[in-house]
Amino acid sequence: MATAEPGEMPDPIEQFEIKKHLDFEIFGLDASFTNSSLAMVISALIVAGFLIFSMQGRALVPTRLQSLAEMSYEFIANMVREAAGAEGMKFFPLVFTLFMFILAGNLLGMFPKQFTFTSHLIITVALAMIVFLTVIGYGFKKNGPGFLKLFVPSGVPVVLVPLVTAIEVVSFLSRPLSHSVRLFANILAGHITLKVFAGFIVMLLGAGGATALLAPLPMLMTVAITALEFLVAFMQAYVFAMLTCMYLNDALHPSH
Amino acid sequence: MPVPADEKGARTGRISPADREAFRKRSLELDRRIDEARGAPVEERGGRAGADRRAMSYGFRMVADFISAIIVGGVIGYFADYVLGTSPWFLVGFLVLGFVAGVRNVMGSYNRMQADMRAATGGDIGRDMPDSAYDDD
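Not measured: the values here are computed from a predicted model.

Draft legend 1. Looking closely at the overall build of chain B. What chain B contains, in helices and strands, is 5 helices and 0 strands. From first element to last, N terminus to C terminus, chain B shows the α and β order α-α-α-α-α. Looking at the 137 residues of chain B, the share that counts as buried comes to 15%. Pairs at least 24 apart in sequence give 46% of the contacts found in chain B among residues at least 6 apart.

Draft legend 2. How the structure looks around the overall build of chain A. In terms of regular secondary structure, chain A is built from 7 helices and 4 strands. Along the chain direction, N to C, the helices and strands of chain A fall in the order β-β-β-β-α-α-α-α-α-α-α. Burial status across chain A gives 27% buried among its 256 residues. The contacts in chain A between residues at least 6 apart in sequence include a share of 65% that link residues at least 24 apart.

Draft legend 3. Structural detail: the interface of chain A and chain B. Facing 11 residues of chain A, the contacting portion of chain B comprises 16 residues. Secondary structure elements with two or more residues in the side of chain A that touches chain B: helix 5 (161-173) and helix 6 (175-207) of chain A. It is helix 5 of chain A that contributes the most residues to the side of chain A that touches chain B, 5 residues altogether. Residue classes in the side of chain A that touches chain B are distributed as 7 nonpolar, 3 polar and 1 charged.

Draft legend 4. Up close: unusual backbone geometry. Of the consecutive residues B:S87 and B:P88, the connecting peptide bond is found in the cis state with omega at 0°. You can see B:P88 is positioned in the loop between helix 3 (42-84) and helix 4 (89-121). Unusually for a residue other than glycine, A:K113 sits at a positive phi of about 75°. Tracing the chain through its elements places A:K113 in the loop between helix 3 (92-108) and helix 4 (121-143).

Draft legend 5. Looking closely at the packing of helix 4 of chain A against helix 6 of chain A. Residues and elements named next belong to chain A. Interaxial distance between helix 4 and helix 6 falls to 8 Å at its minimum, and their mutual angle equals 140°. Judged on the interaxial angle alone, helix 6 and helix 4 are oblique. Considering how the two elements wind past one another, helix 4 and helix 6 form a crossing that is right-handed. Between helix 4 and helix 6, the contacting residues are L121, T124, V125, L127, A128, M129, V131 and F132 on the first element and R175, P176, H179, S180, L183 and F184 on the second. Partitioned by chemical class, the residues of the contact of helix 4 with helix 6 number 10 nonpolar, 3 polar and 1 charged.

Draft legend 6. Structural context of the environment of A:E14. Of note, A:E14 is situated in the segment before strand 1 (20-22). Overall, A:E14 belongs to the exposed group, with 11 C-beta atoms counted inside 10 Å.

Draft legend 7. Quick look at the nonpolar core. Residues and elements named next belong to chain A. One finds V95, F99 and A241 to be the most contacted residues of the largest nonpolar core, which totals 50 residues. The element contributing the most residues to this core is helix 7 (residues 216-252), with 10 residues. A241 has contacts with I76, M79, V95, L98 and F99, leaving out every residue within four places of it along the chain.

Draft legend 8. Focus on the confidence of the model for chain A. Looking at chain A, pLDDT values average 88 and 96% of them are 70 or higher. When pLDDT is averaged over each helix and strand of chain A, the minimum, 80, is found for strand 3 (residues 29-30) of chain A and the maximum, 95, for helix 3 of chain A.

Draft legend 9. Looking closely at the environment of A:T134. All names here are of chain A. Here T134 is to be found in helix 4. Residue classification places T134 among the partly exposed residues on the basis of 16 C-beta atoms within 10 Å. Along the sequence, T134 and V232 sit 98 residues apart, while their C-alpha atoms lie 26 Å from each other.

Draft legend 10. Region of the structure containing helix 2 (residues 64-84) of chain A. All names here are of chain A. With 21 residues, helix 2 ought to run about 30 Å at 1.5 Å a step, and its terminal C-alpha atoms sit 30 Å apart, in line with that. The inward-facing, buried residues of helix 2 abut helix 3 and helix 7. Note on helix 2: the residue one or two positions beyond its end, G85, has a positive phi of about 80°.

Draft legend 11. Representation of the packing of helix 6 of chain A against helix 7 of chain A. For the pair helix 6 of chain A and helix 7 of chain A, interaxial distance at closest approach is 10 Å and the crossing angle is 175°. On the basis of the axis angle, helix 6 of chain A is roughly antiparallel to helix 7 of chain A.

Draft legend 12. The arrangement of the confidence of the model for chain B in detail. Residue and element names in this part refer to chain B. On average, chain B scores 76 in pLDDT, and the residues at 70 or more come to 68%. Here helix 1 (residues 5-12) is the element of chain B with the lowest mean pLDDT, 51, and helix 4 is the one with the highest, 87. Predicted confidence is poor over residues 128-137, with pLDDT under 50, and the contacts of this stretch with residues over four places away or in other chains come to 8 contacts. Two summary scores accompany this predicted model of the complex, namely pTM at 0.77 and ipTM at 0.72.

Rules of the game
Think of each chain on its own: its residues are numbered from 1, step by step along the sequence as written. All chains are assigned letters beginning at A, and all ligands numbers beginning at 1, according to the order in which they are written. Local features are withheld for residues below a pLDDT of 70 in this predicted model, meaning they are given only at 70 or higher, and side-chain atom pairs are given and counted only at 80 or more; totals for whole chains, interfaces and linings count all residues. Only DSSP runs of H or I covering at least 4 residues are called helices, and only runs of E covering at least 2 are called strands; the numbering of each starts at the N terminus. Buried residues are those with 20 or more other C-beta atoms within 10 Å of their own C-beta, exposed residues have 12 or fewer, and partly exposed residues lie in between; C-beta atoms are placed from the backbone. The contact criterion used is a C-beta to C-beta distance within 7 Å, with each C-beta placed from the backbone. Here the term charged refers only to Asp, Glu, Lys and Arg, the term nonpolar to Ala, Val, Leu, Ile, Met, Phe, Trp, Tyr, Cys and Pro, and the term polar to all other amino acids, Gly among them. A fitted line through C-alpha atoms serves as each axis, taken over the contacting stretch for helices, and the angle formed by two N-to-C directions is quoted from 0 to 180°. Here the angle decides the label: under 35 degrees means roughly parallel, over 145 means roughly antiparallel, 65 to 115 means roughly perpendicular, and every other value means oblique. In this scheme the handedness of a crossing depends on how the near helix is turned from the far one: anticlockwise by less than a right angle means left-handed, clockwise means right-handed. Joining buried Ala, Val, Leu, Ile, Met, Phe, Trp, Tyr and Cys residues through C-beta atoms within 7 Å gives a set, and that set is a nonpolar core. Values of pLDDT, ranging from 0 to 100, describe the predictor's confidence in every residue of the model. A helix is expected to reach a length of 1.5 Å times the quantity of its residues less one.

Pasting the structure below:
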């Protein structure tokens, strides 16, 4: 399974397989430590290590690493302020953590043989649910029942209010789904494309004869897609954080 | 042989009026070039691949927005029917509601994209990515 025969297409899905490293069971639930868990632990360590190490000097004139850390801070801080206002800054730790964690996970997945945990729907759904529940919880805590105004847009004729409210509720409930599917689908599709094109090289070389001369074409494509995937890795982390800010904005200012 | 303005200034540590004039000219030239680059249409700046990539990510976003609302509507309807035993009325109703909510989601994200596009380039999505761009494919 792991090694494809020459001329045979390597399985593009195999890279997403979950493998158990340590078996665990908690109250009958499978809580094994898998390659996915390992990738998440590594990502968290990379983020924490990077920020702690780079800020060691705390220099007025920053070193390259320190300015990288400061840039990522300012990037997210500006995003939060723009999308959710100054009040939104109390959620900065959440948004920053999500962004750095996803970014580290996506970039980690760009290493050959490395598992990409953001390509699993369950992970992205869990992350999106954190945001969704935070929005609901904080929305009610801050605004009380006034949070429900989110579902009743102003300036709608009374007759239409029940219908519009139902639509708004469905639209609101669909958020965690589109929030999570977007990240998951982009990463999954990208990694499969990469594997398929890389597989073409093997197939063309393995087929023997003159077809081997065509092998550099998918090779070029693979190089191009790899570059694109780095862009996607960053873009999707950005989009996830951006949407988080927009949803949090609803919790802070529910009236449209 | 005349020494270039910036070299002379660097050597003496003083800036003559002529040097100052040269610096001013250079900074104006830089301003002009920055303005030029800002004004250029997206396709020129990011290249064709950049515009395609952006169009794809917009499309992808809208599809996710649209489909997710329908799925959520369907799931709500299905469970309402399951609990109340009214199959298939809630499923039908909520699928329609999900459809409407999906269209609303797409309209919302379109407006946001349009605003982003205007803020970034001064243009809008319709102008920067005309349908005709795909005619030659």
